[in-house]
Every structure is written in structure tokens, then in C-alpha cells.
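So the chains spell out like this:
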There are 2 protein chains.
Amino acid sequence: MTAPVEMRELSEVECLDLLRTEPIGRLVFTEKALPAIRPVNYVLDGRDVIIRATGDSWASRVAGAVVAFEVDRIDGASHTGWSVVLLGTATIITDVDTLVRVSDFHSRPWAPGHRDRFLRIRAGRLTGRRLSLLPA
Amino acid sequence: MTAPVEMRELSEVECLDLLRTEPIGRLVFTEKALPAIRPVNYVLDGRDVIIRATGDSWASRVAGAVVAFEVDRIDGASHTGWSVVLLGTATIITDVDTLVRVSDFHSRPWAPGHRDRFLRIRAGRLTGRRLSLLPA
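Cut-offs and rules
- Residues numbered from 1 in each chain as written.
- Chains lettered and ligands numbered in written order.
- Predicted model: local features only at pLDDT ≥ 70, side-chain atom pairs only at ≥ 80, totals over all residues.
- Heavy atoms only, no water.
- Buried < 20%, exposed > 50% of the residue type's maximum accessible area, 1.4 Å probe, protein only.
- Helix = DSSP H or I, 4+ residues; strand = E, 2+ residues; numbered from the N terminus.
- Pairing = 2+ DSSP bridges.
- Salt bridge = Lys/Arg side-chain N within 4 Å of Asp/Glu carboxyl O.
- Phe/Tyr/Trp six-rings, centres within 6.5 Å; stacked < 30°, edge-to-face > 60°.
- Arc of directions from axis to C-beta.
- Polar contact = N/O pair within 3.5 Å; in protein donor to acceptor, adjacent residues only side chain to side chain.
- Contact = heavy atoms within 4.5 Å.

- Looking up chain A in an unreviewed UniProt entry gives the name Putative flavin-nucleotide-binding protein, with the organism given as Saccharomonospora xinjiangensis XJ-54.

1. Things to note about the pairing of strand β5 (residues 66–74) of chain B
Residue and element names in this part refer to chain B.
For step 1, the next point in the chain: Most of β5 sits inside the fold, with 7 of its 9 residues counted as buried.
For step 2, the next point in the chain: Where strand β2 (residues 24–31) and β5 come together, 3 bridges link them in antiparallel fashion. Counterpart to valine 28 in the pairing with β5 is alanine 68.
For step 3, the next point in the chain: Between the end of β5 and the start of strand β6 (residues 80–92), which pair antiparallel, lie 5 residues, with histidine 79 showing a positive phi angle near 60°.

2. Comments concerning the pattern of salt bridges
For step 1, the next point in the chain: Under the criterion given, the structure shown has 28 salt bridges over all chains.
For step 2, the next point in the chain: Here aspartate 17 of chain A and arginine 20 of chain A are joined by a salt bridge, their closest N and O atoms 3.0 Å apart.
For step 3, the next point in the chain: For arginine 20 of chain A, a relative accessible area of 53% gives the class exposed.
For step 4, the next point in the chain: A salt bridge links aspartate 72 of chain A to arginine 26 of chain B; the shortest N-O distance between them is 2.6 Å. Placement of aspartate 72 of chain A in strand β5 (residues 66–74) and of arginine 26 of chain B in strand β2 is noted, with the two residues assigned to different chains. The residues aspartate 72 of chain A and arginine 26 of chain B share a single accessibility class, namely buried.

3. Quick notes on the packing of aromatic side chains
Residues and elements named next belong to chain A.
For step 1, the next point in the chain: In this structure the tally under the stated criterion is 2 aromatic pairs over all chains.
For step 2, the next point in the chain: Taking the centre distance of 4.9 Å and the plane angle of 70° together, the rings of tyrosine 42 and phenylalanine 69 count as edge-to-face. A residue pair is termed long-range when its members are at least 10 positions apart, and tyrosine 42 in strand β3 (residues 34–45) and phenylalanine 69 in strand β5 qualify at 27 residues.
For step 3, the next point in the chain: For tyrosine 42, a relative accessible area of 2% gives the class buried.

4. As for the pairing of strand β2 (residues 24–31) of chain A
Residue and element names in this part refer to chain A.
For step 1, the next point in the chain: For β2, a buried count of 6 out of 8 residues is recorded, marking the element as mostly surrounded by other parts of the structure.
For step 2, the next point in the chain: As paired strands, β2 and β3 are joined by 8 bridges and run antiparallel to one another. Residue leucine 27 lies in a different strand from β3, and its bridge partner there is arginine 38.
For step 3, the next point in the chain: Connecting β2 to the antiparallel partner β3 that follows it, the hairpin turn spans 2 residues, and lysine 32 within it adopts a positive phi of roughly 50°.

5. Thoughts on helix α1 (residues 12–19) of chain B
For step 1, the next point in the chain: Considered for burial, the residues of α1 of chain B that qualify are Cys15, Leu16, Leu18 and Leu19 of chain B. Projected down its long axis, α1 of chain B carries its buried residues within an arc of 160°, all on one side.

6. A short note on the side chain of serine 83 of chain B
For step 1, the next point in the chain: When you line up the elements, serine 83 of chain B lands in strand β6.
For step 2, the next point in the chain: A polar atom in the side chain of serine 83 of chain B sits 3.1 Å from the side chain of glutamate 70 of chain B.

7. Looking at the environment of arginine 122 of chain B
Residues and elements named next belong to chain B.
For step 1, the next point in the chain: With respect to the helices, strands and loops of the structure, arginine 122 is situated in strand β7 (residues 117–132).
For step 2, the next point in the chain: Among the residues examined, arginine 122 registers a relative accessible area of 54% and is labelled exposed.
For step 3, the next point in the chain: Between the C-alpha atoms of arginine 122 and threonine 91, which are 31 residues apart in sequence, the distance is 8.1 Å.
For step 4, the next point in the chain: What arginine 122 contacts, discounting residues up to four positions off in sequence, is Asp48, Leu87, Gly88 and Thr89.

8. As for the environment of aspartate 72 of chain A
For step 1, the next point in the chain: Take aspartate 72 of chain A: its relative accessible area is 9%, and that puts it in the buried class.
For step 2, the next point in the chain: Beyond its immediate sequence surroundings of up to four residues, aspartate 72 of chain A is in contact with Arg26, Trp82 and Ser83 of chain A together with Arg26 and Pro39 of chain B.
For step 3, the next point in the chain: Looking at aspartate 72 of chain A, its side chain comes within polar contact range of the side chain of arginine 26 of chain B, at 2.6 Å.

Shown next as C-alpha cells:
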């Protein structure tokens, strides 16, 4: 007998509530036709995820693509927790008003000419699960 | 001024050492032409990652594909930590000797007819970074 791997699906409201509790998630995209993943800071803007990409060119390469964004919190001892996955199209935020507002989220002033880029992932699909994984 | 997002690349030996410290990672694959990610238990078998997929059909769909496997540990307060990404081809383990050995890793007996599947990701590329993310 094995423990169940997945306990139950989360509602969209539950997913959004959980997304507000964590500062770091993982952006999943395709790079040179291969799966790629990187941890990033984020904040929620309504149902959208806003990611700050600093001094790096990967944000431009991701723009326009359908990406996944995953956040989880899983306890290594009890092997229980949750995982939320957002699927949507990534765009680089260029509107100045939005940039100022988004920078406020990060408690930092936004300055023109700064190398930071802000990516928006417009949530097309939002799914989540409460998990119970198997002990290793 | 912003803090650096990435501090330094990790060597392969460092990556493997870090992979041995965590029980849970994230499998990144393509599902219906869309990026997909799910948390899974794993163990290392040399340089390969072995994933247990219980009572689920997704393992079969992943078999034969190039996948990414990510493990990280990032402190939400200091925004520092590490991330290791393994890129390789996933195969379902069918060899009985290997299955018995792999099941030992998980401290569980493997029984014929069990619905568990074990996936091997043969590490083609192993990269890691010590991270310093931006405060949210």
C-alpha cells in the first residue's frame, strides 16, 4: 500500500490565496527547444503574476511565449504541502504607470534606464493541488 | 542599485552534493504542447535522478522526452539559496534488478503488479547556481 500522491484539487480562490503567501516561484519556459526553469521573485497583480528580471536577457526571450509559473510549499519531513501552477502568456511590461505601480509592490523606486525588466504572466489557467508525496 | 540576482555557477560535483540533500524536486515537461511542472519525490542513482510516479498515467506520457528536473532551496527571508537543474531524457525503468535496487532507495519493497512507475532521468546536462534574489 502506498499513500495517495495527490489529495485534492484546489479552487482558483484557494490558489490565489496561496500565491499571496510566497515570495519566490519558478518560471517554466522553453529555451532552444528544451525545457527550462528558474526561480524568480514575484508578486500578484490581480490574477496575474509579475516577475522582476534584473540585468539579464532571458526575460526578452520569454516574452510572447506561453509559460508556466509554479509555486509550492512542501514539507520535507511529512511530505505534505501544496503546489499551484499558473499557465499563461508572458509579456514585458512597458506601460510607465504600470511599471511604477509594480515597482511599488517591490518596495523599490523604478528609474528610467534601469536594467530591470518586469514580466507579466496573464493567468490563462490556474490549477493547484494539496499534495501528499511518498516518503523517500 | 539592486542586489545581484545570481552569484555564481556551481560545479557538477557541487550540484550532485546538493541534489543528495533534498527529497523533493520538480519535473518539468511538455504536455499537450504546453509547459508543465509537478513536484515529485526523487533519489539519485549516480548522476541520474529516479522519480517514483504512483498510480498515475503521466509517467508514461513523459517517457522518451527530454525533461528538466529542478531542485532548489531558497530562504524566503534572506532571498538566498541555490538551484540545480538537470536536463536529460526520461525513461521508464523496466529492468527488474534495477527496480528492486531503486525500491530499496525508497525503503519500500517493490512488488510485481504494483501501479508504481519509476522514471529515470539520465543526466545529460547538470547546472546549478547559488542565488541571491531581490527582496519582494
